[in-house]
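The primary structure of each chain is shown beneath.
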Amino acid sequence: MKNDSSLPKRCIVLKNLRKENKKTQGEMAELLGVTVKTYRSWENGEYRENTTVYPQPALEKVIAIAEEFHCSVDYVLGRSECKSVDNDYISKQTGLSDNAINQLHKFTTYNQGAVRLAIIDYLLCDINFSIVLADKIDSYYTKYDFFESGKKRYFEECKTLHDLAGDNILKQIELQESGEFSSTIDRHKLAERESSRDAARFRVQKEFDNILGNLIKHFYNKNNSEDEVTK
């Protein structure tokens, strides 16, 4: 059986949808009016003439699956990372992931959600806030790049140590104490202990500046289009 990483995206999506909704392949086959063998081929592929092929469900079956699991046709086909049509549009406009959009929706819907949404809307429309936030992200970038480059040197030196000393612990210690490797390795271990949480935040910030840029562009285009209408 093929592992998931070697399957087409639509096969993985279909399998995940089924499992998330606690349905068997037999139940799905019955729901869609096909044989279990046919349905199984949509998830795992089938062997034909010395090769594995991955048949795609007919359009009416794809629509039935989308309706059953309350998601978009594009999501079922593996063409979108977002389950809903609305989220897919928002994702294309802002770069936000499906999970991020859902979390933002929860954040602005429950427990003073209207107030939170109004504040977020106000801040994102304020160019001064966008500039300050962009500067803050740039500062995180610098720290992130330093951490990543240090980590790369650390793993390179660890590999070199292992190549030279193998599993001989005494030899590894001797090489580390020689001064050629110890400074970078010790510095990295110290930074890893003190900055592990910071490093995780830096990785998030690396993605966030792109999202911010898309948000600014979205609101800029929206405001410009509204100005054109009022002229």
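Residues numbered from 1 in each chain as written. Predicted model: local features only at pLDDT ≥ 70, side-chain atom pairs only at ≥ 80, totals over all residues. Heavy atoms only, no water.

Enquirer: Break down the overall build of the protein for me, citing the residues and quoting the values.
Expert: Each helix and strand in the protein was counted, giving 11 helices and 2 strands. Start at the N end of the protein and walk to the C end: the helices and strands fall as α-α-α-β-β-α-α-α-α-α-α-α-α. In the protein, which comprises 231 residues, the share counted as buried stands at 28%. When contacts within the protein are restricted to residue pairs at least 6 apart in sequence, those whose partners lie at least 24 apart make up 51%. Carbon and sulfur atoms make up 53% of the accessible area of the protein, which totals about 15700 Å². (Helix = DSSP H or I, 4+ residues; strand = E, 2+ residues; numbered from the N terminus. Buried < 20%, exposed > 50% of the residue type's maximum accessible area, 1.4 Å probe, protein only. Contact = heavy atoms within 4.5 Å. Areas by Shrake-Rupley, 256 points an atom, 1.4 Å probe, with all protein chains shown as cover.)

Enquirer: Kindly report on the pattern of salt bridges, identifying the contributing residues and their values.
Expert: One pass over the structure, following the stated rule, counts 7 salt bridges. Among the ionic pairs, Glu 43 bridges to Arg 18, the shortest N-O distance being 2.6 Å. Placement of Glu 43 in helix H3 (residues 36-44) and of Arg 18 in helix H1 (residues 9-20) is noted, with a sequence separation of 25 residues between them. The pair Glu 43 / Arg 18 is uniform in exposure class, with both members buried. In this structure, the salt-bridge partner of Lys 83 is Glu 20, at a minimum N-O distance of 2.9 Å. With Lys 83 in the loop between helix H5 (73-76) and helix H6 (85-94) and Glu 20 in helix H1, this residue pair connects regions lying 63 residues apart in the sequence. The exposure class of Lys 83 is partly exposed, given its relative accessible area of 28%. For Glu 20, a relative accessible area of 47% puts it in the partly exposed group. (Salt bridge = Lys/Arg side-chain N within 4 Å of Asp/Glu carboxyl O.)

Enquirer: Please provide a residue-by-residue account of the packing of helix H2 (residues 25-32) against helix H4 (residues 59-69), values included.
Expert: Relative placement of two packed helices is described by the angle separating their axes and the distance separating the axes. Where H2 meets H4, the axes come as close as 10 Å, and the angle between the chain directions of the two elements is 115°. Crossing angle aside, the handedness with which H2 passes H4 is right-handed. In this structure, H2 contributes Met 28, Leu 31 and Leu 32 to the contact, and H4 contributes Lys 61, Ala 64, Ile 65, Glu 68 and Phe 69. A breakdown of the residues in the contact of H2 with H4 according to their chemical character gives 6 nonpolar, no polar and 2 charged. (Axes fitted to C-alpha atoms, helices over the stretch in contact; angles between N-to-C directions. Left-handed = near helix turned anticlockwise from the far one by under 90°. Nonpolar A, V, L, I, M, F, W, Y, C, P; charged D, E, K, R; others polar.)

Enquirer: Requested: an account of the packing of aromatic side chains, with residues and values cited.
Expert: Applying the stated rule across the entire model yields 1 aromatic pair. Their ring planes at 70° and their centres at 5.9 Å tell us that Tyr 39 and Trp 42 sit as a pair that is edge-to-face. One end of the pair, Tyr 39, and the other, Trp 42, are both in helix H3, 3 residues apart, so they sit about a helical turn from each other. The class of Tyr 39 is buried, set by a relative accessible area of 0%. (Phe/Tyr/Trp six-rings, centres within 6.5 Å; stacked < 30°, edge-to-face > 60°.)

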